[in-house]
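# Structural overview
Residues per chain, in single letters:
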Amino acid sequence: MTAAPNGKKENILTSWKEIAAYLDRDVRTCVRWEQRYGLPVHRLDRDSKGKVFAYRDQIDAWMASRAAGGAAQANSAAKRSRWPWVIGGLLALAGLGAAVVLLILHGSSVPSRFDISGSRLLALNEKGRELWLFDTKAADLETRDSYGGHFQEKSLGLAYEAVWPWVMFKDLDGDGRVETLFSVQTRSEDGEGDLVCIDDKGVERWRFGAGRELALEAGSFRKEYRIFGFDVDDYDDDGALEVLAVSFHKPDWPCQVALLDARGRLEGEYWNAGYLMEARRGDVDGDGVKELVLGGVNNEYARGCIAVFEGGRLAGGSPQDDPAYRWRDIGPGSEAAYILFPKTDVHAAIRKVGDPVNYFWVHEGDGLTAVTVEAQVFYDLDKTLALRNVGLGNDFKTLHERFRLEGKVSSVPDEAYRRALGEAVVCRRNGTWASVSRASGAAAVNGGK
């Protein structure tokens with residue numbers, strides 16, 4: 001590894017990604033090197049999550065000192081008597097042999113399976129041996145089969161709806177020990193607002209209680225929430241894992257999306273006037289940085305919605321106009337864009353509330369496609385979030401024909417129909433609503449209800 005030219009600009013690495021690339025390591029390794037071995041990384045402020053930078057020549061000097069230190073230790077060791085090392089090696093081999101025998105007979109101490117017994121969670125290794133037991137104190141805890149359908153990874157379920165984890169084994173803080181994240185779910189749907197982190201010994205490490213009392217301009221909600229699910233990722237690209245927890249008010253529409261660090265501390269939260277049931281990370285706008293995208297429904301406008309956040313920064317609440325939905329004690333949302341999708345006449349024939357966007361995918365560097373899942377209309381947006389295309393799914397065509405024969409719809413699903421849907425898609429940026437269609441000007445947010 002050679003130093004860069006002496007010019008100040010060329011000598012500076014301005015992010016964890018640049019530092020990792022210079023050292024030919026991943027970001028998490030570099031973060032660990034700073035914490036454990038003093039890798040020379042600087043910050044613009046004292047906050048551990050502040051903007052980082054480093055100097056190439058300082059890193060080169062640090063690497064050289066580490067290498068020299070290792071060589072000095074090796075030379076010193078060579079001068080010592082070898083017999084203690086021989087004896088120690090033999091004892092170590094004997095101990096290793098015993099450990100291997102125990103591992104073969106009993107398996108590892110890392111949980112890979114689980115069971116539910118009454119109110120208790122049992123962590124098991126790959127051989128089914130019990131590692132620890134944790135009592136949730138929930139009298140009607142959901143069954144093992146129910147939890148089994150929400151284990152370890154988020155998946156796609158029926159009707160394009162995401163199935164979020166309720167239980168997960170994960171080394172959250174990179175210390176080599178596996179924690180367990182467990183969302184309390186009950187058959188009565190009472191007491192479901194807690195997400196518990198359990199350490200590798202079965203001891204509670206932290207607990208997150210979802211939601212809080214909410215005040216609106218025309219009403220309020222008490223603190224009673226159900227955790228819909230959670231997932232784990234590096235949502236803010238800081239080299240550390242975070243937990244994203246999605247919770248719904250019971251029984252009403254407020255939805256909280258909370259971002260927690262590995263210690264369970266709240267890093268940010270976003271409130272939506274309607275359920276958000278999907279979250280994905282991806283580079284929407286092609287700037288090389290992944291955005292956090294949330295999808296669901298906005299109850300005031302009775303329309304499916306998408307919210308896009310830069311760098312996983314969650315704060316505030318969704319944009320609302322009606323006092324019955326407008327937040328009194330929550331500030332404006334931190335979303336870079338908030339998009340509403342129209343309800344079709346087909347969906348109006350199915351039910352009266354909005355058609356949610358519970359399924360979407362990001363085209364890395366080139367926008368996203370959102371699907372209103374109940375009527376199955378596909379909206380393709382480019383990296384500026386301008387509309388590229390509107391597609392009608394097979395389910396939509398089948399339902400439209402059925403409702404036409406029943407006299408419930410009279411429209412013709414042709415090019416003009418799709419164009420009208422596209423012109424009714426609106427996006428809010430910097431406090432202003434506008435159409436995302438290239439062929440349309442500004443649009444009223446309530447259009448297309």
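Each chain carries its own residue numbering, running from 1 in the written order of its sequence. For a predicted model such as this one, the threshold for reporting local features is a pLDDT of at least 70, and the threshold for listing and counting side-chain atom pairs is 80 or more; totals across whole chains, interfaces and linings nevertheless cover every residue. Only heavy atoms go into the side-chain values, all of them from the structure, while hydrogens and water stay out.

Helix and strand labels come from DSSP, where a helix needs a run of H or I of at least four residues and a strand needs a run of E of at least two; each type is numbered from the N terminus. Assigned secondary structure in the chain consists of nine helices and 28 strands. Out of the 449 residues in the chain, the part that is buried amounts to 46%. Contact definition: two residues touch when any of their heavy atoms are within 4.5 Å. The long-range fraction of contacts in the chain, counting pairs at least 24 apart against all pairs at least 6 apart in sequence, stands at 48%. Accessible area of the chain: about 22,100 Å², with a carbon and sulfur share of 52%. Each residue is assigned to one of three classes by its accessible area relative to the maximum for its type, calculated with a 1.4 Å probe on protein chains only: buried under 20%, partly exposed between the two thresholds, exposed over 50%. Residue-level accessible areas treat just the shown protein chains as cover; the underlying method is Shrake-Rupley with a 1.4 Å probe.

The next subject is helix α2 (residues 16–23). The set of residues buried in α2 consists of Trp-16, Ile-19, Ala-20, Tyr-22 and Leu-23. Along α2, the residues classed as buried sweep out an arc of 160 degrees about the axis, all on the same side. Residue Asp-24 follows α2 closely and has a positive phi angle near 60 degrees. Each C-beta atom gives one direction from the helix axis, and the arc is the one those directions make.

A few words on the environment of Ile-198. Structurally, the position occupied by Ile-198 is in strand β11 (residues 194–198). Taking the C-alpha atoms as reference, Ile-198 lies 5.7 Å from Glu-179; in sequence the two are 19 residues apart. Apart from the residues lying within four places of it in its own chain, the contact partners of Ile-198 are Leu-121, Trp-132, Phe-134, Glu-179, Thr-180, Phe-182, Val-203, Glu-204 and Arg-205.

Quick look at the pattern of salt bridges now. A pair is scored as a salt bridge if a Lys or Arg side-chain nitrogen falls within 4 Å of a carboxyl oxygen belonging to Asp or Glu. Per the counting criterion, the structure on display carries 25 salt bridges. A salt bridge links Lys-250 to Asp-190, with the shortest nitrogen-to-oxygen separation between them at 2.4 Å. One end of the pair, Lys-250, is in the loop between β16 (242–249) and β17 (254–260); the other, Asp-190, is in the loop between β10 (179–183) and β11, with 60 residues separating them in the sequence. For Asp-190, a relative accessible area of 42% translates into the label partly exposed.

When the centres of two rings from Phe, Tyr and Trp lie within 6.5 Å, Trp using its six-membered ring, the rings pair. Their planes under 30 degrees apart give stacked, over 60 give edge-to-face, and anything left gives tilted. This structure, assessed with the given rule, holds 19 aromatic pairs. Here the aromatic rings of Phe-114 and Phe-151 are separated by 5.1 Å at their centres, their planes lie at 55 degrees, and the arrangement is tilted. Here Phe-151 lies in the loop between α6 (144–148) and β7 (155–156) and Phe-114 lies in strand β4 (residues 113–117), a separation of 37 residues in the sequence. For Phe-114, a relative accessible area of 3% translates into the label buried. Using a relative accessible area of 25% as the deciding quantity, one classes Phe-151 as partly exposed. With 5.8 Å between their ring centres and 70 degrees between their planes, Tyr-225 and Trp-271 make a pair best called edge-to-face. Of this pair, Tyr-225 sits in strand β15 (residues 225–233) while Trp-271 sits in strand β18 (residues 266–273), and the two are 46 residues apart along the sequence.

Within the secondary structure, Arg-120 sits in strand β5 (residues 120–124). On the accessibility criterion, Arg-120 (34% relative accessible area) is partly exposed. Arg-120 sits 13 residues away from Leu-133 along the chain, and the two C-alpha atoms are 6.6 Å apart. Sequence-distant contacts of Arg-120, defined by excluding residues within four places in its chain, comprise Asp-115, Leu-133, Phe-134, Asp-135 and Leu-141.

What follows is about the sheet that holds strand β22 (residues 337–341). Strand pairing within a sheet occurs via backbone hydrogen bonds; the two strands may be parallel or antiparallel. Two strands make a pair as long as DSSP finds a minimum of two bridges between them. The strand order across the open sheet built from six strands is β19-β20-β21-β22-β27-β28, with neighbouring strands paired in antiparallel fashion. Each of the sheet's edge strands pairs with one partner strand only, and the pair in question is β19 (276–282) and β28 (432–435). Looking at each pair of strands side by side, their axes are set apart by 20 degrees on average, direction ignored. As paired elements, β22 and strand β27 (residues 426–429) share three bridges and run antiparallel to each other. Helix axes are fitted to C-alpha atoms over the stretch in contact, other axes to C-alpha atoms as well, and angles between N-to-C directions run from 0 to 180 degrees.

The next subject is the sheet that holds strand β25 (residues 377–381). One open sheet accounts for four strands, arranged β23-β24-β25-β26; its pairing is antiparallel. Two strands in the sheet have a free side with no partner beyond their single neighbour: β23 (359–362) and β26 (387–392). Taking the axes of each pair of neighbouring strands and ignoring which way they run, one obtains an average angle of 15 degrees across the sheet. As judged from the five bridges shared by strand β24 (residues 368–372) and β25, these two strands associate in the antiparallel manner. Each residue of the ladder has a partner; that of Leu-368, found in β25, is Leu-381. Seen against the sheet, helix α9 (residues 415–423) touches β25 and β26 and runs at an angle of roughly 130 degrees to β26.

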